[in-house]
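Listed below are the residues making up each chain.
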Amino acid sequence: MKAEDKFLRWFYLALLSVIWGSSFILMKRGLISFSPDQVAAIRMFVAFLSLFPFVIQHAKKIKKHQFIIIFTAGILGNGLPSFLFTHAQTHIASALAGMLNSLTPVFVVLVGWLLFGSMFKASHILGVVIGLAGAIALILINSKGKIVNSDNWFGLLIVIATISYAFNINIVRKYLQEVNAVHLTGFALFSAGIPCGIFLFTTDFTTRLSTQPGAWVNFGYVSLLGLFGTALSTIIFNKLLKISNALYASSVTYLIPIVAMAWGALDGESLNIFHLLAMGVILLGVYLINLSTIREMKLNRE
């Protein structure tokens, strides 16, 4: 591997962790003024608009059969998760959402093995089991450390979102390696951005903007989410996929919860030692899943 690629792998990983780790607090801000569906639609529409001018002239560079795959990746990697996260965050803390997002590598392995012919090692199996156990604990534990909190069941929406991410990661890695990252992201957002834009203006979105105090500020937060948390970050992530592998790229979820928890603490969210222990269990599972990749990287440095 080139020295430049090694540096970029770590740089992209760190940058993504900050951007995506901040996404949950930005969604929380948007939900003050807008409905969950509106926040998700604003995010997708802004992301689409931000990249549209840069990709439309490159449509001929994409092969016809690739458009269907790209649009599918757009729905699975951007559209569907955006709506699932906003609905979940009407009932759970943004920091908890960031923790559950750590499940992505677990499902990358499962989906890759079941549907994409990826190899499944003993450490992967153990990591999947441990990671899922941690997720179950995280969903069941309430803010006082007691088992079963009805609101926390909305965390299952984030679990579904991470499964959707896993499909997207495997699809991009297997079928879209040759597509330019900017073009891939831009055209993927067509499938989610255009319908979301149409939907948004059929709601009371403009009325809320003009009548609710602070709506424009919160619209700005969601716009930042769309611009950086979706458009720019997806480009960076697709670049990372091209110079690494699906498991390494998905390991950004090690750092996302740390950033999300920091924002949550600053915003006064209540978490306890049981949540941290459950997240630690998930990250242990992620570590075991990535163990072979970590060993490979050490050997390459020696």
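Residues numbered from 1 in each chain as written. Predicted model: local features only at pLDDT ≥ 70, side-chain atom pairs only at ≥ 80, totals over all residues. Heavy atoms only, no water.

Caption draft 1: Seen up close, the overall build of the protein. Across its full length, the protein holds 15 helices and zero strands. Looking at the protein alone, contacts between residues at least 24 apart form 88% of all its contacts between residues at least 6 apart. (Helix = DSSP H or I, 4+ residues; strand = E, 2+ residues; numbered from the N terminus. Contact = heavy atoms within 4.5 Å.)

Caption draft 2: Examining the packing of aromatic side chains more closely. On inspection of all chains with the given rule, the structure shows 15 aromatic pairs. Between the aromatic rings of Phe-24 and Phe-85, the centroid separation amounts to 5.7 Å while the plane-to-plane angle is 50°, which identifies the pairing as tilted. With Phe-24 in helix 2 (residues 23-33) and Phe-85 in helix 4 (residues 64-88), the pair connects residues that are 61 residues apart, well separated along the chain. Given the relative accessible area of 4%, Phe-24 is considered buried. Taking the centre distance of 5.2 Å and the plane angle of 90° together, the rings of Phe-48 and Phe-190 count as edge-to-face. One end of the pair, Phe-48, is in helix 3 (residues 36-55); the other, Phe-190, is in helix 9 (residues 181-200), with 142 residues separating them in the sequence. Each member of the pair, Phe-48 together with Phe-190, is buried. (Phe/Tyr/Trp six-rings, centres within 6.5 Å; stacked < 30°, edge-to-face > 60°. Buried < 20%, exposed > 50% of the residue type's maximum accessible area, 1.4 Å probe, protein only.)

Caption draft 3: Representation of empty space enclosed by the protein within the structure. Within the structure shown, the criterion is met by one cavity of 30 Å³ or more. Estimated volume of the largest cavity: approximately 430 Å³. For the largest cavity, the lining is made up of 32 residues, of which Trp-20, Gly-77, Asn-78, Tyr-165 and Thr-234 are closest to its centre. Of all elements in the fold, only helix 2, helix 3, helix 4, helix 8 (155-175), helix 9 and helix 11 (215-243) reach the threshold of two or more residues within the lining of the largest cavity. (1 Å grid on protein atoms, 1.4 Å probe; cavity = no way out; pocket = protein on both sides within 12 Å on 5 of 7 lines; lining within 4 Å. Points joined across faces, edges and corners; volume = space filled by probe spheres on them.)

Caption draft 4: Molecular detail of the packing of helix 3 against helix 9. In contact at an axis separation of 7 Å, helix 3 and helix 9 are set at 135° when each is read in the N-to-C sense. Considering their axes alone, helix 3 and helix 9 lie oblique with respect to each other. With respect to the hand of their crossing, helix 3 and helix 9 are arranged in left-handed fashion. Residues belonging to the contact of helix 3 with helix 9 are distributed by class as follows: 18 nonpolar, six polar and one charged. (Axes fitted to C-alpha atoms, helices over the stretch in contact; angles between N-to-C directions. Parallel < 35°, antiparallel > 145°, perpendicular 65-115°, else oblique. Left-handed = near helix turned anticlockwise from the far one by under 90°. Nonpolar A, V, L, I, M, F, W, Y, C, P; charged D, E, K, R; others polar.)

Caption draft 5: Representation of the environment of Glu-178 within the structure. By the element assignment, Glu-178 lies in the loop between helix 8 and helix 9. Each C-alpha atom of the pair Glu-178 and Ile-62 lies 9.8 Å from the other, and the pair is 116 residues apart in sequence. Look past the residues within four positions of Glu-178 in its chain and what remains in contact with it is Lys-63, Gln-66 and Lys-242.

Caption draft 6: Just the pattern of salt bridges, in detail. For the structure shown, the criterion picks out three salt bridges. Residue Lys-28 is joined to Asp-267 by a salt bridge in which the shortest nitrogen-to-oxygen separation is 2.6 Å. Of this pair, Lys-28 sits in helix 2 while Asp-267 sits in the loop between helix 13 (256-266) and helix 14 (273-289); the two residues are 239 residues apart in sequence, bridging distant segments of the chain. The partly exposed category is assigned to Lys-28, whose relative accessible area is 26%. A salt bridge links Arg-208 to Asp-204, with the nearest nitrogen and oxygen atoms 3.2 Å apart. One connected set of salt bridges, linked through shared partners, spans Lys-28, Arg-29 and Asp-267. (Salt bridge = Lys/Arg side-chain N within 4 Å of Asp/Glu carboxyl O.)

Caption draft 7: Quick look at the environment of Val-281. Take Val-281: it is sitting in helix 14. Through-space distance from the C-alpha of Val-281 to that of Ile-130 is 6.5 Å; in sequence the pair is 151 residues apart. For Val-281, the contacting residues outside a window of four places in its chain are Ile-130, Gly-131 and Gly-134.

Caption draft 8: Representation of the nonpolar core. Ranked by size, the top nonpolar core spans 87 residues in total, and within it Phe-34, Ile-42, Ile-70 and Leu-100 carry the most contacts. Those residues in contact with Ile-70, other than ones at most four positions away along the chain, are Ile-62, Leu-176, Val-179, Leu-184, Phe-187 and Ala-188. (Core = buried A, V, L, I, M, F, W, Y, C linked by side-chain atoms within 4.5 Å.)

Caption draft 9: Summary view of a nonpolar patch on the surface. A cluster of nonpolar side chains, namely Val-217, Tyr-221, Leu-224, Leu-227, Phe-228 and Leu-232, defines an oily patch on the protein surface of about 480 Å² accessible area. By the element assignment, Leu-224 lies in helix 11. (Patch = residues over 30% accessible without salt bridge, like charges linked within 9 Å, V, L, I, M, F, W, Y side chains within 5 Å. Areas by Shrake-Rupley, 256 points an atom, 1.4 Å probe, with all protein chains shown as cover.)

Caption draft 10: Summary view of the side chain of Gln-89. By the secondary structure assignment, Gln-89 is in the loop between helix 4 and helix 5 (94-100). Taking relative accessible area as the criterion, Gln-89 reaches 9% and is therefore assigned buried. Residues in contact with Gln-89, not counting those within four places in the same chain, are Phe-24, Met-27, Lys-28, Leu-31, Ser-94 and Ala-97.

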